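# Breakdown of the fold
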Amino acid sequence: MHHLTLLSAGEFLAGVFADIEAARREILVECYIVVDDQVGCALGDALARAAARGVPARRLYAPLGSKQASTRFFRDLRAPGVEVRAWRRILSIPGIRHLAPRDHSRTIVIDDAAYTGGAAFAREWLPKEKGGEGWRDACVRMEGPGVSDLRDLFLRRWNESQDSRAAQDLDTDGRYPDVRIIADTPDRHSPLFHAHRDIFAHARERIWLANSYFAPPRRMLDALADAAARRVDVRVILPAVSDLPLLKLAALARVWQWLRAGIRVFEYRPAMMHAKYTVVDEDLCSIGTFNYNSASVGLANEVNLLVSEHNFVSRAAAWFEEDLARCGEVTARSMSRRSGWARVLDRLANAGLGCVDFVWGPR
């Protein structure tokens, strides 16, 4: 039904740029982060070249995620034939710009192919050998009928970016035998949250989860703990060093609870682990932008593919094992070596995250 390819961050960037150069009909790029470094500028140049040969291009960005880029950069992106829009500048505070809502999605459609995943257009995702930071991420390239759903999703977000009304969810549940596309919006009744919780509740053998900002709301944690109690192999890979240190501290405060629940926790050491992918049993892989935390539920647009195609799931499981080999395990013993001062910081950060859970957590 669909042709699905699992991609690293470097492969994602190479694939997107190659498809833009070959595009003949249209280019649609929605991405939370774009920075005016060599990667972001290369994207602008590629879109301008495509427009010059008659291929219309649209670029949708999030002000919060792209806050490091200058206003001039986005003005320069507006070459003839290239349209650029920002997602809803509703809340703007001097010094703390554009807090909410967030368009955290990555939806890229180029003719008959589509991409999503955690990577973005900044040097953090460029391989180290090319001058980047080599962040670890997981993305997917899709060909097949679901591309039209992702195209419709992009156009929906494009129109909603200029509209004050509530953004709309998308769920293709039952439409295709090999993939389910779920895109949700800031709402405590999150279809992505409920879909993942239900998947965890029915897991039989394994739940292998790599997530950069893992801090699951109570009911998701309960589903994972219940799975571990059923002797399901529940493993979580987190970044050893995070670009959001407060969230990392809050997660460390919660690790004790996760370990007591039977969840094994690992830290990825070579670079920032920014991926958001999960392998459940032998028959499902979820991959996209959804972070397992309340901010992702109540404050952001997200999109994930829930893939049941066997070869893709097997490849994702092999990826997880490769990532796991580059990790160190977090244990009760290793946690007990944290200083008293570090534990105080953990608890303070966790208190802040608890407020986010209370206000924006799922119902």
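## With respect to the pattern of salt bridges
Taken as a whole and assessed by the stated rule, the structure comprises 20 salt bridges. The partner of aspartate 19 in a salt bridge is arginine 141, and the shortest N-O contact between them spans 3.1 Å. Separated by 122 residues along the polypeptide, aspartate 19 in helix 1 (residues 9–22) and arginine 141 in strand 8 (residues 139–143) bring together distant segments of the chain. There is no split in this pair, since aspartate 19 and arginine 141 are both buried. Here arginine 25 makes a salt bridge to aspartate 112, at a shortest N to O gap of 2.6 Å. Highlighted residues: arginine 25 in the loop between helix 1 and strand 2 (27–31) and aspartate 112 in the loop between strand 6 (106–110) and strand 7 (113–117), separated in sequence by 87 residues. On the basis of relative accessible area, arginine 25 is assigned to the partly exposed category, the value being 46%. The network of salt bridges with shared partners includes Asp19, Arg141 and Glu143.

## Concerning helix 2 (residues 38–52)
Because the α-helix completes a turn every 3.6 residues, residues three or four places apart line up on one side. Taking 1.5 Å of rise per residue, the 15 residues of helix 2 would be expected to cover 21 Å, and the 21 Å separating its terminal C-alpha atoms lies within 8% of that figure. Among all positions of helix 2, only Val39, Gly40, Leu43, Gly44, Ala46, Leu47, Ala50 and Ala51 are buried. For helix 2, the angular spread of buried residues about the axis comes to 165 degrees, placing them on one side. For helix 2, the side-chain oxygen to backbone nitrogen distance between the N-cap and valine 39 is 3.0 Å, and the N-cap itself is aspartate 37. Glycine 54 lies just past helix 2 and shows a positive phi near 95 degrees.

## Topic: the sheet that holds strand 1 (residues 3–7)
Ordered by their spatial adjacency, seven strands build an open sheet running 1-8-7-6-2-3-4, and the pairing between neighbours is mixed. Pairing within the sheet leaves two strands with one partner each, and these edge strands are strand 1 and strand 4 (82–86). When the angles between neighbouring strand axes are averaged without regard to direction, this sheet yields 15 degrees. Pairing geometry for strand 3 (residues 57–61) and strand 4, over five bridges, is parallel. Paired with tyrosine 61 across the two strands is alanine 86, which belongs to strand 4. Helix 9 (residues 310–324) rests against strand 1 and strand 8 of the sheet, and its axis sits at about 5 degrees to strand 1.

## Overview of helix 6 (residues 218–229)
Given a rise of 1.5 Å per residue, 12 residues ought to cover 16 Å, and the 16 Å separating the end C-alpha atoms of helix 6 matches this to within 8%. Within the sequence span of helix 6, burial applies to Met220, Leu221, Ala223, Leu224, Ala227 and Ala228. All buried residues of helix 6 fall inside an arc of 155 degrees around its axis, so they share one side.

## So, the confidence of the model for the chain
Of all residues in the chain, 91% attain a pLDDT of 70 or more, and the chain-wide mean is 89. The model gives residues 92–99 a pLDDT under 50, and that stretch makes 12 contacts with residues more than four places away or in other chains.

## Considering the layout of surface pockets
In this structure, the second largest pocket spans a volume of roughly 240 Å³. Together, 17 residues line the second largest pocket, and Ser8, Ala9, Gly134, Trp135 and Arg136 are the ones closest to its centre. Sorting the residues of the lining of the second largest pocket by element identifies helix 1 and helix 9 as the ones contributing at least two each. Of the residues contributing to the lining of the second largest pocket, the split by class is six nonpolar, three polar and eight charged.

Conventions and cut-offs
- Counting from 1, residues in each chain are numbered in the order their sequence is written.
- Confidence filtering applies because this is a predicted model: local features only for residues at pLDDT of at least 70, side-chain atom pairs given and counted only at 80 or more, and all residues used for totals across whole chains, interfaces and linings.
- Only hydrogens and water are removed before side-chain values are computed, so all heavy atoms of the structure are retained for them.
- In the sections that follow, a salt bridge refers to a side-chain nitrogen of Lys or Arg positioned within 4 Å of a carboxyl oxygen of Asp or Glu.
- Only DSSP runs of H or I with at least four residues qualify as helices, and only runs of E with at least two residues qualify as strands; both kinds are numbered from the N terminus onward.
- To sort residues, take the accessible area from a 1.4 Å probe on protein chains only and compare it with the maximum for the residue type: under 20% means buried, over 50% means exposed, and anything in between is partly exposed.
- Helix span, as expected, comes to 1.5 Å for every residue beyond the first.
- As used here, the arc is the angular range of directions from the helix axis to the C-beta atoms.
- Definition of a polar contact: a pair of N or O atoms within 3.5 Å, with one able to donate and the other able to accept a hydrogen when the atoms are protein atoms, and with sequence-neighbouring residues admitted only if both atoms are side-chain atoms.
- Here, any two strands with at least 2 DSSP bridges between them count as paired.
- Every axis in this analysis is a line fitted to C-alpha atoms, fitted for helices over the stretch in contact. Angles between the N-to-C directions lie between 0 and 180 degrees.
- Contacts: residue pairs with any heavy atoms within 4.5 Å of one another.
- Per-residue confidence from the prediction method is given by pLDDT, with values spanning 0 to 100.
- Lining residues are defined by having an atom within 4 Å of a point belonging to a cavity or pocket. Those points lie on a 1 Å grid over the protein atoms alone, cavities being sets where a 1.4 Å probe fits but cannot get out and pockets being open sets with protein on both sides within 12 Å along at least five of seven lines.
- Grid points are joined across faces, edges and corners, and a volume is the space filled by probe spheres set on the points.
- Note on residue classes: Ala, Val, Leu, Ile, Met, Phe, Trp, Tyr, Cys and Pro are nonpolar, Asp, Glu, Lys and Arg are charged, and everything else, Gly too, is polar.

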